[in-house]
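Commentary on secondary and tertiary structure
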Amino acid sequence: AKPARDYLVSRGISEQSIRDCQIGFAPHQWQWLTSQGAEAGHSQKSMESVGLVIRSDKNGKFYDRYRGRVIFPIRDTQSRTVALGGRILPELSDDRSPKYINSPETPIYRKSLILYGLSRSRGAIRDRDLALVVEGYMDVARLVQHGISNVVATSGTALTAEQCRLLSRYSRRVVLVFDGDSAGSTAAERGIEGLLGADLDARVGCL
């Protein structure tokens, strides 16, 4: 996993943060996880049901969803890993490979009900009565690394009404800290609407 570690360090993520956030790596192989899962006694169908492997339309064989990617575990509020997010290594990126892929909706994962990092940050959010909402996994890791622990991420999706209600369990104040580009501005506008709908004190941090 040295290429993944080198990439993360180049992005300002320390080795301690890699351990703390339990960031992993999926080798650039078609059936690495498929084989590992089989050795651990997991059927290909069960791995398909939680989005770890995909069945080929051409030959019906299973192959890994995540290949050559840095892996971020996505947990529910009980700290159970229910999904994964994967960022492709820059040297493997091409026009056919999206930069990020997330687990699809599965029997144990509904992305509209999950906020990345909330399992770790809910205590800090409650203590400070303030939640910072950022866009991605890297943003969370970097902020936590610098002592800002009351932070969660939307994992690249729009902030949903369910996520806003989830935040309201821990804090009445929420600040959206999104990218300053047009996509970030649009996401912030939509997010503010949802937060106000949940009767939260909603603000936008300008970068």
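The coordinates are above.
Quick look at the structure, then. Every value quoted in this text rests on a predicted model; they were computed, and no experiment measured them.

Observations concerning helix α1 (residues 2-10)
Three or more residues of α1 are buried, namely A4, Y7 and L8. End-on, the buried residues of α1 take up no more than an arc of 95°, which puts them together on one face. Summarising the geometry of α1, the exposed residues directed more than 90 degrees from the buried face are K2 and S10. Contacts made by the buried residues of α1 are with α2 (15-20), β1 (24-26), β4 (69-75), β5 (81-88) and α6 (137-145).

A closer look at the packing of aromatic side chains
Counted by the stated rule, this structure contains four aromatic pairs. On the basis of an interplanar angle of 70° and a centroid distance of 5.5 Å, the ring pair of W30 and Y63 is categorised as edge-to-face. Residue W30 is located in the loop between β1 and α3 (32-39), and its partner Y63 is located in strand β3 (residues 62-64); the two are separated by 33 residues in the primary sequence. Judged by its relative accessible area of 54%, W30 falls in the exposed class. Judged by relative accessible area, Y63 falls into the partly exposed class, the value being 23%. A ring pair is formed by F72 and Y137, whose centres lie 4.9 Å apart and whose planes are at 15°; its orientation type is stacked. With F72 in strand β4 and Y137 in helix α6, the pair connects residues that are 65 residues apart, well separated along the chain. What links up through ring pairs into an aromatic cluster is the set F72, Y100, Y116 and Y137. A cation sits over an aromatic face here: R67 above W30, 3.9 Å from the ring centre.

Brief notes about the side chain of S121
Residue position: S121 is located in helix α5 (residues 118-128). A relative accessible area of 2% means that S121 is categorised as buried. For S121, the residues in contact, after removing those within four places along its chain, are S149, N150, V151 and V152.

Some thoughts on the nonpolar core
The tendency in soluble globular proteins is for nonpolar side chains to be buried as a group. Counting residues in hydrophobic clusters, the biggest one holds 26 residues, and the most contacted among them are L8, I13, I23, V70, F72, I74 and Y116. When residues of this core are traced back to their parent elements, those giving at least two are α1, β4, β5, β7 (131-134), α6 and β8 (151-153). The element contributing the most residues to this core is α6, with four residues. Residue contacts for V70: discarding those within four places in its chain leaves A4, Y7, L8, I23, G24, F25, G85, G86, R87 and L89.

With respect to the pairing of strand β9 (residues 173-176)
Bridging between β7 and β9 involves three bridges; their strand directions are parallel. In the strand pairing of β9, L132 is matched with V175. Bridge analysis of β9 against strand β10 (residues 201-204) gives four bridges, and the strand direction is parallel. Directly across from L176, in β10, lies its bridge partner V204. Following the backbone out of β9, through helix α8 (residues 182-197) and into the adjacent parallel β10, one traces a crossover that is right-handed.

Quick notes on the environment of D181
Looking at where D181 falls in the secondary structure, it is placed in the loop between β9 and α8. The spacing of D181 and N150 is 31 residues in sequence and 24 Å in space, taken between C-alpha atoms.

Conventions adopted
- Residues numbered from 1 in each chain as written.
- Predicted model: local features only at pLDDT ≥ 70, side-chain atom pairs only at ≥ 80, totals over all residues.
- Heavy atoms only, no water.
- Buried < 20%, exposed > 50% of the residue type's maximum accessible area, 1.4 Å probe, protein only.
- Helix = DSSP H or I, 4+ residues; strand = E, 2+ residues; numbered from the N terminus.
- Arc of directions from axis to C-beta.
- Contact = heavy atoms within 4.5 Å.
- Phe/Tyr/Trp six-rings, centres within 6.5 Å; stacked < 30°, edge-to-face > 60°.
- Lys NZ or Arg CZ within 6 Å of the ring centre and 35° of its normal.
- Core = buried A, V, L, I, M, F, W, Y, C linked by side-chain atoms within 4.5 Å.
- Pairing = 2+ DSSP bridges.
- Right-handed = clockwise from strand over helix to strand, strands pointing away.

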